[in-house]
Amino acid sequence: MPVEWEPPFLRCKISSCLVTLLFPCLTSHFVASSLYVPVLGILSIIAYLLVVGLWIGAVVIDSDPSAQDLTSVYLWSGGAGVIVFVFNLIVWRLRSVLRRSRNIEGHFCIDGILSCVCTTCVLCQMKDHIDNERHESILD
């Protein structure tokens, strides 16, 4: 019998939200490690670092007064956008794996939509769900 997410969507702990807002790669690495798919966790850390590097590069190029052409800024920013999308796909995969392994209600398409639109909220919900499971197993 399918179970429900605990906590429900948008009802996460404030500590999880703060960490995930600042460092989403750490939360996704925690979730991936808990699901025994550490490769996805490592890929999410690499993606996060690449995005930060590309955005910093775009800012540096944009602030250069001798730069006449904004094409390079667009390329740097576009590269960051592609990597953010890849990060969203990683989160989508993690959510699907967690939902199937724990027999949680839901659908693959809804997982994808939520992972791309509310990435931080999805990561928080997954982390808190795993934390709640661990807390219950300790109490049992």
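Scoring rules and cut-offs
Residues numbered from 1 in each chain as written. Predicted model: local features only at pLDDT ≥ 70, side-chain atom pairs only at ≥ 80, totals over all residues. Heavy atoms only, no water. Patch = residues over 30% accessible without salt bridge, like charges linked within 9 Å, V, L, I, M, F, W, Y side chains within 5 Å. Areas by Shrake-Rupley, 256 points an atom, 1.4 Å probe, with all protein chains shown as cover. Salt bridge = Lys/Arg side-chain N within 4 Å of Asp/Glu carboxyl O. Helix = DSSP H or I, 4+ residues; strand = E, 2+ residues; numbered from the N terminus. Buried < 20%, exposed > 50% of the residue type's maximum accessible area, 1.4 Å probe, protein only. Phe/Tyr/Trp six-rings, centres within 6.5 Å; stacked < 30°, edge-to-face > 60°. Lys NZ or Arg CZ within 6 Å of the ring centre and 35° of its normal.

(A) Just a nonpolar patch on the surface, in detail. Among the surface-exposed residues, Ile 14, Leu 18, Val 19, Leu 21, Leu 22, Phe 23 and Leu 26 lie close enough to one another that they form a single nonpolar patch of about 720 Å² accessible area. Broken down by element, the nonpolar patch gets its largest block of residues, five residues, from helix H1 (residues 14–22). Tracing the sequence through the fold places Leu 22 in helix H1. For Leu 22, a relative accessible area of 57% translates into the label exposed.

(B) Inspection of the packing of aromatic side chains at higher detail. Tallied over the entire structure, the rule returns one aromatic pair. Seen from their ring centres, Trp 92 and Phe 108 are 4.9 Å apart, and the 35 degrees between their planes marks the pair as tilted. Of this pair, Trp 92 sits in helix H4 (residues 71–101) while Phe 108 is found in helix H5 (residues 108–117), placing the two residues 16 residues apart along the sequence. Sitting over the ring of Phe 30, Lys 127 keeps its end group 5.1 Å from the ring centre.

(C) Inspection of the pattern of salt bridges at higher detail. Evaluation of the coordinates by the stated rule reveals four salt bridges. For the salt bridge of Arg 99 with Asp 111, the shortest nitrogen-to-oxygen distance reads 2.7 Å. With Arg 99 in helix H4 and Asp 111 in helix H5, this residue pair connects regions lying 12 residues apart in the sequence. Just as Arg 99 is buried, Asp 111 falls in that class too.

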